[in-house]
Structure formats: structure tokens, C-alpha cells
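# Observations on the model geometry
Given next are the chains, with one letter for each unit.
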Amino acid sequence: MLRRQDVGHRVVVRRIVGVAQNRTLYTDALGELVDLTETDLTIATAKGTLRVPLREVHRAKRVPAARRPPAAEVIALELAANEAWPAPVQGRLGHWILRAAENWTGRANSALAVGDPDRPLEAAIDAVTEWYSAHGQRALINAPLPLAAPVNAALDARGWGARPLTLVQTASVAALAGALPTQDLPPVELADDPGDDWYALVAEHKGTLPATAVGIVTGPAEVAFAQVRDADGDLLAVGRGAVTGPDRWLGVSLLQTTPPARRRGLARHVLGALAQWGAQHGSSRVYLQVEERNTGAVTLYGRVGFTTHHTYLTREEPAG
């Protein structure tokens, strides 16, 4: 049977689904174990998240990872992503990065638990909690999986909550840049600074943008803001690209299309234009972050060549 230490690892679960002609019927599920409680286990499979009551589990075990990237590569990508989404207030706990940005987005307001925190794990979690308390915020910890599986197990024991699983997906810049839609679409314009309507469209998804948010969005040294407009000049779609890190990762974020303009290939159009821009700035690989439960976006990204590099959970300090 699985244990807390298996959270974040690839597992196979044989589940009892019924009885026919006096024979027990089973089905198998393969995926990443993202949660394990006293009553249920949850795995992220290729078909989506599956929650299984433990009373229905006949057998479950950890299996070898499927082409897991090296730990150093996961850390390098997470650090590049941190540079691409720079919180205005940052601190250090050994190699861990503590980030605060007036609670705008989990990425900019969580401790990035990669590397050595330079103290025992329990003491590190205490220090994170104290740092966020001093900044007037509830503590969050960004725990990449399976790299930070021990962190997740320790947080489980403390009763920390978890936000939905996030997939960190990657693709080839060259392949993405060469896969532009064939239909006739308005051109993608790339600007050094976003306009008011660009921010307004982003705010429809992210909520009101404080001044801190503007600093995060425009913070990287190499950043581009994509926009597609119709013949009347009205905004149809937006996106953001940033090139960061020693490996020149292209990070794509804030990809959004207005409801009337959806299902026309505009998101793919923006992705292709940002990939071309990234190639011009020395990028060969592109990444984005998407919640696993956002099946529409995950499907779109899969169609243009994105695959999951690793995942992470944003853990939340218990209230009160």
C-alpha cells in the first residue's frame, strides 16, 4: 500500500469496480499520486484527476518514473520561472526563495522550495511561516514534484492545504514557431509595454491588478506583450513572453482570448508569435504553467506540442 512518502511519485492503482458471476472486477489507473488521506487517494492520470476511496483499492504501488527530468533541470527551470515572474519582495532561506507581492498570484507569494533550506526541514517550514507572518500574509509553499516530495509529506503532517495541481509544460520553440495557424487571422503585434486594454483583458481572469502586479508583469529584462486586434482596433487576444535564466527559457503566461473570439485559433496564433520572438532572443525551449484541472487549456497545449515536464503543488498554511 502507498504511504505519505509516495506523494509526488508515479503509481499504479488496482481498483475494485464490481462483481460479475462471482468474480471481482478490477481496473488499473496509472498516474502521479497528488494526495493521500485516511480515506482516499488522488492521482493525476492522462485522462484527468481520479479520486479513489481506499476501501476500493485492491493493490497500489509506486512505479518507475516515465522519463523524469533530472533534479538539476527542474531546479533550473523553476529558477528561470521565478525570474520571469519577479516578486517585489524576496528573501532567502538557504536555497529556498521567499516571495511576497501583496497576495497577487500564488507564484509571487509563495516560498519556492527547491534546493537546501540550510536547516532541518521542520525548522525551515517554521521559518517560512514566521517570514510570511512578518509580512502580514498567510504562508504558501510552492513544492515541485517529485523533487519536493519530502516537503509535501511534512506539510501533510502539519495539516497544510493544497491548491489544484499545476502542470509545468514544455515544448520546442522551433516547432511551436513553425506551427502557426493556416487560416487568415489578424496579425499578432508585439510591444515592449502593454496598454490599458491589455491589462483590462488580463484583469478579467486575474482580478484587479495592483501596482505590484504591473511591476511583476513588466519586470523581466527581456519581455514581450502580444496582442491581436480586429479591424476596428478592438482587442481579441493577448499573451506575454519572457526570456530568463542561463538556459534562455521562454516563459509564456497571461494567454487569454475574449469570449466572442474563442475557438478561432487565436491562442495558438499568439503562442506561435511569442515562440518566434523567443527564438530571436536565443530561446530553444518554451514553458508554461497550467492547472491540471483546466482540461481545455491542457488539450490545446498538447495539440501544439507541449508535454508535462514536472508538476507542483502550492501548499497553504492552515487558517487560524
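Model, not experiment: these values are computed from the prediction.

## A short note on the side chain of Thr-311
Mapped onto the secondary structure, Thr-311 falls in strand 17 (residues 307–316). You can call Thr-311 buried: its relative accessible area is 5%. Here Glu-32 takes part through its side chain, which lies 2.7 Å from a polar atom of the side chain of Thr-311. Residues within four places of Thr-311 in sequence aside, it is in contact with Glu-32, Ala-143, Pro-144, Leu-145, Leu-165, Thr-166, Leu-167 and Val-168.

## Comments concerning the pattern of salt bridges
Evaluation of the coordinates by the stated rule reveals 10 salt bridges. With its nearest N and O atoms 2.8 Å apart, the salt bridge here joins Arg-14 to Asp-28. With a gap of 14 residues between them, Arg-14 in strand 1 (residues 10–20) and Asp-28 in strand 2 (residues 23–36) connect regions that are remote in the sequence. Looking at Arg-14, the relative accessible area reads 33%, which means it is partly exposed. Judged by relative accessible area, Asp-28 falls into the partly exposed class, the value being 45%. Arg-315 is the partner of Asp-156 in a salt bridge, and the nearest nitrogen-oxygen pair spans 2.8 Å. With Asp-156 in helix 3 (residues 149–157) and Arg-315 in strand 17, this residue pair connects regions lying 159 residues apart in the sequence. Note on Arg-315: relative accessible area 2%, which makes it buried. Residues joined by salt bridges that share partners form a network here, namely Glu-122, Asp-126 and Arg-158.

The rules behind the values
Residues numbered from 1 in each chain as written. Predicted model: local features only at pLDDT ≥ 70, side-chain atom pairs only at ≥ 80, totals over all residues. Heavy atoms only, no water. Helix = DSSP H or I, 4+ residues; strand = E, 2+ residues; numbered from the N terminus. Buried < 20%, exposed > 50% of the residue type's maximum accessible area, 1.4 Å probe, protein only. Polar contact = N/O pair within 3.5 Å; in protein donor to acceptor, adjacent residues only side chain to side chain. Contact = heavy atoms within 4.5 Å. Salt bridge = Lys/Arg side-chain N within 4 Å of Asp/Glu carboxyl O.

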